[in-house]
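Chain and residue survey
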Amino acid sequence: MESLTKELRCRNSALKPIQITKRNNITNHNGTDDGIASDEEEPLSPAARLFHEPNFNIYIIAILAFKNPIDVRVVYEKLPQTLLKHPRFSSLQVVDDKNGGIMKWVPTNVNLDNHIIIPNIPQTLETPDKFLEEYLYNLSKTSIDSSQPMWDLHLLNLKTSDETEAMGILRVHHSLGDGTSLMSLLLACTRQTSNPDAVPTVPTNKASKAGWFSSYSYRGGGPWWQRCFMTFCMVLWLVWNTLVDVGHFMATALFLEDTETPIKAPVGVELNPKRFAYRTVSLDDMKLIKNAMNVTINDVAIGVTQAGLSQYLNRRYGEGQKDEGATEKKNNLPKKKIRLRSTLLINIRPSSGIQALADMMEKNTEAKWGNWIGFVILPLTVGIRDDPLDYVRDAKATTERKKHSLEALYSFSVASMVLKLFRIKAANTPLTHTTLGFSNLVGPQEEIGFYGHVIDFIAPSCYGHPHGLMINFQSCVNKMTIVLSVDENTIPDPQRLLDDFEASLKLMKEAVYAKALAQGRGGHA
């Protein structure tokens, strides 16, 4: 593994100004050229420049688990026809010294041999899961050379305990786009296995199309005066929630920090390599809870997160006591309330959608793209509850309130202004004052293939973030994958935390069944 780290480092270097000649061709391993849609230079957005600061240099990774071995030749053949059609994946990020050091996107040649990485895997490998874990860990120690487009694809024909035949690891610098847009672009490169001409479909609702903070208008019936009055009340609620959230955001940026707990990492953790761990659970189980409680999948995911973190912290606070088995069963949490919050990065620009991105790659049409990032600070409940469904109820109350707030839009404006005036030292303070990052991305409803390679599950994550813990939920058909990116000095046992998440989901499922059974008996009484 040490040789792997050296090999990756020789491919990468620190970000630096470079001089290039503008070109608009893609070169594949056969030496042939394919045109791209755009050859115009564009300045980087403030959010994209933010991700180039030394202590906010974030990379997104997406682990693709395949049911069949990878045909490298097919990947070389298909990439120029799909992913590289997107200008961001065939452009350099260049510092223009003549215009005050502004960074610009400049189209360039793309040599796929520099972007497709095929590591040497020992033929007799006793622990493939450990090999993958160490590979990802060593990958997080490296960066991508800024003299080329900032992405790469690692192809590993590696059988794991998940009963998959191969793994693909797509690594993309966060300046290329936000997580939701990049996931949509990745899915636009796939097709349904049952219909090779059809792109995947994902669950949608009107609120998600309109944005995080859109569901504040009254949509009920009644006389016109009632509708006007209710709309007025909803607007007042929106204004009040926004004022409260803005005050909370400013306090967090200036002085309000989370409680020091075993999972809160020290300052500077963004420079440490990260350990990655994932666990696949049943999406049907989460839907069962969702339907029984009339909540969303996101509410269930946050509820599972709160329950799992409560159990994990309870165990960590009880470490060192004589009878650790008995200690885990009692409440070891501090009597004083724990302030534990998650930071969500929200793209306030509506996503173009999978079909629009697929059309862009196939027909050279235009699609909206860019990092318009706003922050949402999400408080998480930590405590031992008798009813595991209480965690979901708390999550629903919190998310409903956050949906009726313009916090993301406000924080985007403030972050852009602060970035121009004070650079990153002030712009990322709200993140360093919170404990963890959280994300829940919606995946395909049908089985899909990536250039003919059937995907079993998708596990996205990132490194370079100023937290000791990043939690990602990613759905794919009937599976939900929980992915952790952790600082091993802060969370040395990520698999145990995943155990707590899985056990919490099981307890919630059992509580739903027990409640339904009790109601059934009551109905027959």
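Residues numbered from 1 in each chain as written. Predicted model: local features only at pLDDT ≥ 70, side-chain atom pairs only at ≥ 80, totals over all residues. Heavy atoms only, no water.

This brings us to the overall build of the protein chain. When you go through the protein chain residue by residue, the secondary structure sums to 16 helices and 18 strands. For the protein chain, the proportion of its 525 residues judged to be buried stands at 54%. Of the roughly 23,800 Å² that the protein chain leaves accessible, carbon and sulfur atoms contribute 53%. (Helix = DSSP H or I, 4+ residues; strand = E, 2+ residues; numbered from the N terminus. Buried < 20%, exposed > 50% of the residue type's maximum accessible area, 1.4 Å probe, protein only. Areas by Shrake-Rupley, 256 points an atom, 1.4 Å probe, with all protein chains shown as cover.)

A separate point is the side chain of Q474. Tracing the chain through its elements places Q474 in strand β17 (residues 469-476). When sequence neighbours within four positions are dropped, the list of residues in contact with Q474 reads M183, L441, V442, G443, I458, P460, K479, M480 and T481. (Contact = heavy atoms within 4.5 Å.)

Okay, the environment of L186 next. Along the polypeptide, L186 turns up in helix α5 (residues 179-188). Look at L186 and you get buried, because its relative accessible area is 6%. On a C-alpha basis, the gap between L186 and A358 in space is 9.6 Å, while along the polypeptide they are 172 residues apart. With residues up to four places along the chain from it excluded, the contact list for L186 reads A62, L64, L170 and F450.

In this section: the nonpolar core. In this structure, L79, F89 and W151 are the most contacted members of the largest nonpolar core, which totals 69 residues. With 8 residues, the top contributor of residues to this core is strand β4 (residues 59-66). Ignoring any residue separated from it by four or fewer positions in sequence, one finds L79 in contact with L84, L112, I116, W151, L153 and Y451. Ranked by size, the runner-up nonpolar core spans 50 residues in total, among them M286, A307, Y391 and F501. (Core = buried A, V, L, I, M, F, W, Y, C linked by side-chain atoms within 4.5 Å.)

Sheet architecture is open: 6 strands sit in the order β11-β18-β17-β14-β12-β13, paired in mixed fashion. One side of each edge strand has no neighbouring strand; the edge strands of this open sheet are β11 (275-282) and β13 (373-380). The average undirected angle you get between the axes of adjacent strands in this sheet is 25°. Bridge count for β11 against strand β18 (residues 479-486) is 8 bridges, and the pairing is antiparallel. Pairing of Y278 across the sheet is with V483, part of β18. Each of β11, β17 and β18 touches helix α8 (residues 283-293); the most contacted strand, β11, lies at about 65° to it. The sheet contacts of helix α9 (residues 297-317) involve β12 (340-347), β13, β14 (436-441), β17 and β18, and relative to β14 the element is tilted by about 145°. (Pairing = 2+ DSSP bridges. Axes fitted to C-alpha atoms, helices over the stretch in contact; angles between N-to-C directions.)

The subject of this paragraph is empty space enclosed by the protein. Sizing a probe to match a water molecule and rolling it over the atoms shows the empty space that remains. This model, assessed by the stated rule, comprises 5 cavities of 30 Å³ or more. By volume, the second largest cavity amounts to about 50 Å³. Lining the second largest cavity are L64, L79, L83, L153, L170, L186, C189, F450 and Y451. (1 Å grid on protein atoms, 1.4 Å probe; cavity = no way out; pocket = protein on both sides within 12 Å on 5 of 7 lines; lining within 4 Å. Points joined across faces, edges and corners; volume = space filled by probe spheres on them.)

It is worth spelling out the pattern of salt bridges at this point. For the structure on display, the rule yields 26 salt bridges. The closest approach of N and O atoms between D499 and R279, which form a salt bridge, is 3.0 Å. Of this pair, D499 sits in helix α16 (residues 494-524) while R279 sits in strand β11, and the two are 220 residues apart along the sequence. Judged by its relative accessible area of 16%, R279 is buried. (Salt bridge = Lys/Arg side-chain N within 4 Å of Asp/Glu carboxyl O.)

What follows concerns the pairing of strand β8 (residues 151-156). Regular strands place side chains that alternate from one sheet face to the opposite one. Where burial is concerned, most of β8 is hidden: 6 out of the 6 residues are buried. On β8, burial covers both faces: W151, L153 and L155 on one face and D152, H154 and L156 on the other are all buried. Pairing between strand β7 (residues 116-117) and β8: 2 bridges, direction parallel. Note on β8: the bridge partner recorded for I116 is L153. Examined bridge by bridge, β8 and strand β9 (residues 166-173) share 6 bridges and lie antiparallel to one another. Among the inter-strand pairings, H154 is bridged to a residue of β9, identified as I169.

Now for the side chain of H154. Along the chain, the position of H154 falls in strand β8. Within the structure, H154 has its side chain in polar contact with the side chain of Y135 (distance 2.6 Å). (Polar contact = N/O pair within 3.5 Å; in protein donor to acceptor, adjacent residues only side chain to side chain.)

We now examine the packing of aromatic side chains. In this description, an aromatic ring pair is defined by two values, namely the gap between the centres and the angle between the planes. This structure, assessed with the given rule, holds 10 aromatic pairs. Between F131 and Y135, the ring centres sit 6.4 Å apart and the planes meet at 25°, which makes this aromatic pair stacked. Here F131 and its partner Y135 are both found in helix α4 (residues 128-139), 4 residues apart, which amounts to about one turn of the helix. Accessibility assignment for this pair places F131 and Y135 in one class, buried. Ring geometry for F249 versus F375: centroids 6.3 Å apart, planes at 25°, classification stacked. Taken together, the positions of F249 in helix α7 (residues 224-254) and F375 in strand β13 put the pair 126 residues apart, joining distant regions of the chain. Grouping residues by exposure puts F249 and F375 together as buried. What links up through ring pairs into an aromatic cluster is the set F66, F450 and Y451. (Phe/Tyr/Trp six-rings, centres within 6.5 Å; stacked < 30°, edge-to-face > 60°.)

Functional significance is not addressed by these values, which are geometric in nature.
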